[in-house]
Amino acid sequence: MKIKPFKLERYYTVNEFSAKYSLCNSDSEAMTINDLLSFEEDAKEKFHNLWLGYTESKGHPELRGDIASIYSSIKPENLLVCTGAQEPIFLFAQANLEAQDEVIVQSPCYQSLQSVPESMGCKVLNWDVKYAGNKPTFDIEEFKSMVTSKTKVVFLNTPHNPTGFHFSKEEQLAIIEIARANNIILFCDEVYRELEHKPEYRIPAFADVYENGVSVGVMSKSYGLPGLRIGWIASQNTEILEKVAVLKEYTTICNAGPSEFLAGVALRNRKKILERNLDIIKENLPLYDAFFEKYNDLFSWHKPNAGPVALVKMHFDTNDMAFAERVLKEQSVLLLPGEVYDFGGFFRIGFGRTIMPKALEQFERFVVNNLVKA
């Protein structure tokens, strides 16, 4: 197996912890263990008395029950707990695809959705985002025309990273109808699920409403707990899950017991966590609105209705990677250039953390000093 270097993760590995300010985080505000344990009266004592032996490979039964509560049709037996979202993405492809299989990937994307199938010899077709004005869209009719008798899996992501696009219920049903007619597996990265900015923007999990739907979730993004490294894969199709479970015995085998315990506490109290994280987003978004209105000759964006990320289009002739490197060097502000997604002329911003206003101030200093005409 030969796989391309992961551009996004490599960029973060090199730059994330050297930057004083980040304007491109894809997660929500994190918290301390003490803050998390304070949600339940006896949680601290239970955590201190936790047995540090091996855990069940599929995940602790109580944790699987807590995860199942997020869904309507998914039961604990329809879940496999993994390390982050990367492990289930990797293992699903390895377990359910073969060389020469044809897959469709919503693009731009988190690179492993594309590169892992490519590394296995699959034919990968990109269902590319289109921009109507500043608004990102994915054409359902175009998707339908891409499907053939050879299509085995469609890799989706909603709410979408990096554009901020989110499918409507009507679009979701149309995709499922096409997949069902062609016996296609729909694999959806749903790591931003439950972070819709208003309840009316919420759609069901693909695993809930399609018998061959596969949903991936994680504690990192909507819940702001990436340090736990807990994710999961869900599907009504138990054959798909079992294939992944068998391969997991070659990777992490089981999850960290302390992380599973803390993830359970968070999920049982997720409404409080989500309310806090949505409040941060709602406080940050107007700052971006004002900034991009003020500098509309230089940048444009479409404000998302879900998730904590969006793409910004640059209206000047500068390479986005070089631009991001210059901002980092001169102002210690981290941007994520579109080049890491093979999507030049854009950069990704985030708005799920409390540091964002300060980071935006520093970025504006760069803009004023270098881009605004006297």
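This is a predicted model, so every value here is computed, not measured.

Enquirer: Even after reading the chapter, I still don't get the overall build of the protein, so can you show me in this structure?
Expert: Regarding its fold elements, the protein presents 14 helices and 15 strands. For 374 residues, the compact-globule formula gives about 21 Å, and the C-alpha radius of gyration of the protein, at 21 Å, lands near that figure. Looking at the protein as a whole, 57% of its 374 residues are labelled buried. Relative to all contacts within the protein whose residues are 6 or more apart in sequence, the contacts with residues 24 or more apart total 74%. Total accessible area on the protein is roughly 16,700 Å²; 51% of this is exposed by carbon and sulfur atoms. Seen as two clouds, the 41 positive and the 50 negative side-chain charges of the protein have centres 2 Å apart.

Enquirer: How should I be thinking about the nonpolar core in this particular structure?
Expert: When a protein is soluble and globular, its nonpolar side chains tend to lie buried together. Grouped together as the largest cluster of nonpolar side chains are 131 residues, with contacts concentrated most on F92, W127, F187, I233, F299, F323 and F363. Of the residues forming this core, the biggest block, eight residues, is contributed by helix α12 (residues 270–294).

Enquirer: Help me out: how do you make sense of the side chain of E29 in this one?
Expert: Within the fold, E29 resides in the loop between β1 (21–22) and α2 (33–37). It turns out E29 is buried and unbridged, and the closest side chain with the opposite charge, R353, is 5.4 Å from it. Within polar-contact distance, the side chain of E29 engages the backbone nitrogen of T354 at 2.8 Å. If sequence neighbours within four positions are ignored, E29 has contacts with Y223, G224, R276, N277, I280, G352, R353 and T354.

Enquirer: Looking at this structure, I do not really get the packing of helix α5 (residues 86–96) against helix α6 (residues 112–119). What am I missing?
Expert: Helix packing geometry: the angle between the two helix axes and the distance between the axes. The N-to-C vectors of α5 and α6 enclose an angle of 30°; their axes lie 9 Å apart at closest approach. For the element pair α5 / α6, the angle class is roughly parallel. Remark: the crossing between α5 and α6 carries right-handed chirality. Packed against α5, whose contacting residues are Q86, I89, F90, A93 and Q94, the element α6 presents S112, L113 and V116 at the interface. Residue classes in the contact of α5 with α6 are distributed as five nonpolar, three polar and no charged.

Enquirer: Looking at this structure, I do not really get the pairing of strand β3 (residues 102–107). What am I missing?
Expert: Strand residues, when the strand is regular, have side chains that alternate between the two faces of the sheet. Counting buried positions along β3 yields six of six residues, so the element is predominantly enclosed. By the alternation rule, side chains of β3 split into E102, I104 and Q106 and V103, V105 and S107, which are all buried. Note: β3 against strand β4 (residues 123–128), six bridges, orientation parallel. Within β4, the position partnered with V105 by the bridge is N126. Between the parallel elements β3 and β4, the chain passes through α6 in a crossover that is right-handed. Examined bridge by bridge, β3 and strand β7 (residues 151–157) share four bridges and lie parallel to one another. Bridge pairing in β7 links V105 to F155.

Enquirer: Looking at this model, I keep getting lost on the layout of surface pockets. Mind explaining?
Expert: Space inside the largest pocket adds up to approximately 500 Å³. Around the largest pocket sit 23 residues that line it, and E9, S26, Y110, S220 and K221 are the ones nearest its centre. For the lining of the largest pocket, the elements supplying multiple residues, two or more each, are α1 (7–15) and α5. Counting residues per element, the lining of the largest pocket draws most heavily on α1, at three residues. Across the lining of the largest pocket, the residue classes break down as nine nonpolar, six polar and eight charged.

Enquirer: Help me understand unusual backbone geometry, please; the structure alone is not making it clear to me.
Expert: The phi angle of most residues is negative, glycine excepted, and most peptide bonds adopt the trans form. Each neighbour pair has its own omega, and for T158 with P159 the value is -10°, a cis peptide bond. Its place among the elements puts P159 in the loop between β7 and α8 (169–181). Residue P162 is bonded to the preceding N161 through a cis peptide linkage, with omega at 20°. Tracing the sequence through the fold places P162 in the loop between β7 and α8. Phi at R229 is positive, roughly 55°, even though this residue is not glycine. With respect to the helices and strands, R229 occurs in the loop between β9 (213–218) and β10 (230–235). Despite not being glycine, D342 has its phi angle at roughly 55°, a positive value. As for its position among the elements, D342 is in the loop between β14 (336–337) and β15 (346–350). For D342, a relative accessible area of 53% puts it in the exposed group.

Enquirer: Would you explain helix α14 (residues 356–370) in this entry?
Expert: Every α-helical turn comprises 3.6 residues, leaving residues that sit three or four positions apart pointing alike. Between its first and last C-alpha, α14 extends 21 Å over 15 residues, near the 21 Å set by a 1.5 Å rise per residue. For α14, the full list of buried residues reads M356, A359, L360, Q362, F363, F366 and V367. For α14, the buried positions fall inside an angular range of 160° around the axis, keeping them on one side. Of the surrounding secondary structure, the elements contacted by the buried residues of α14 are β1, α12, β11 (299–301), α13 (320–331), β13 (333–334) and β15.

Reading the values: rules and limits
- Residues numbered from 1 in each chain as written.
- Predicted model: local features only at pLDDT ≥ 70, side-chain atom pairs only at ≥ 80, totals over all residues.
- Heavy atoms only, no water.
- Helix = DSSP H or I, 4+ residues; strand = E, 2+ residues; numbered from the N terminus.
- Rg over C-alpha atoms; globule rule 2.2 N^0.38 Å.
- Buried < 20%, exposed > 50% of the residue type's maximum accessible area, 1.4 Å probe, protein only.
- Contact = heavy atoms within 4.5 Å.
- Areas by Shrake-Rupley, 256 points an atom, 1.4 Å probe, with all protein chains shown as cover.
- Lys, Arg positive; Asp, Glu negative; His and termini not counted.
- Charge placed at Lys NZ, Arg CZ, Asp CG, Glu CD.
- Core = buried A, V, L, I, M, F, W, Y, C linked by side-chain atoms within 4.5 Å.
- Salt bridge = Lys/Arg side-chain N within 4 Å of Asp/Glu carboxyl O.
- Polar contact = N/O pair within 3.5 Å; in protein donor to acceptor, adjacent residues only side chain to side chain.
- Axes fitted to C-alpha atoms, helices over the stretch in contact; angles between N-to-C directions.
- Parallel < 35°, antiparallel > 145°, perpendicular 65-115°, else oblique.
- Left-handed = near helix turned anticlockwise from the far one by under 90°.
- Nonpolar A, V, L, I, M, F, W, Y, C, P; charged D, E, K, R; others polar.
- Pairing = 2+ DSSP bridges.
- Right-handed = clockwise from strand over helix to strand, strands pointing away.
- 1 Å grid on protein atoms, 1.4 Å probe; cavity = no way out; pocket = protein on both sides within 12 Å on 5 of 7 lines; lining within 4 Å.
- Points joined across faces, edges and corners; volume = space filled by probe spheres on them.
- Expected span 1.5 Å × (residues − 1).
- Arc of directions from axis to C-beta.

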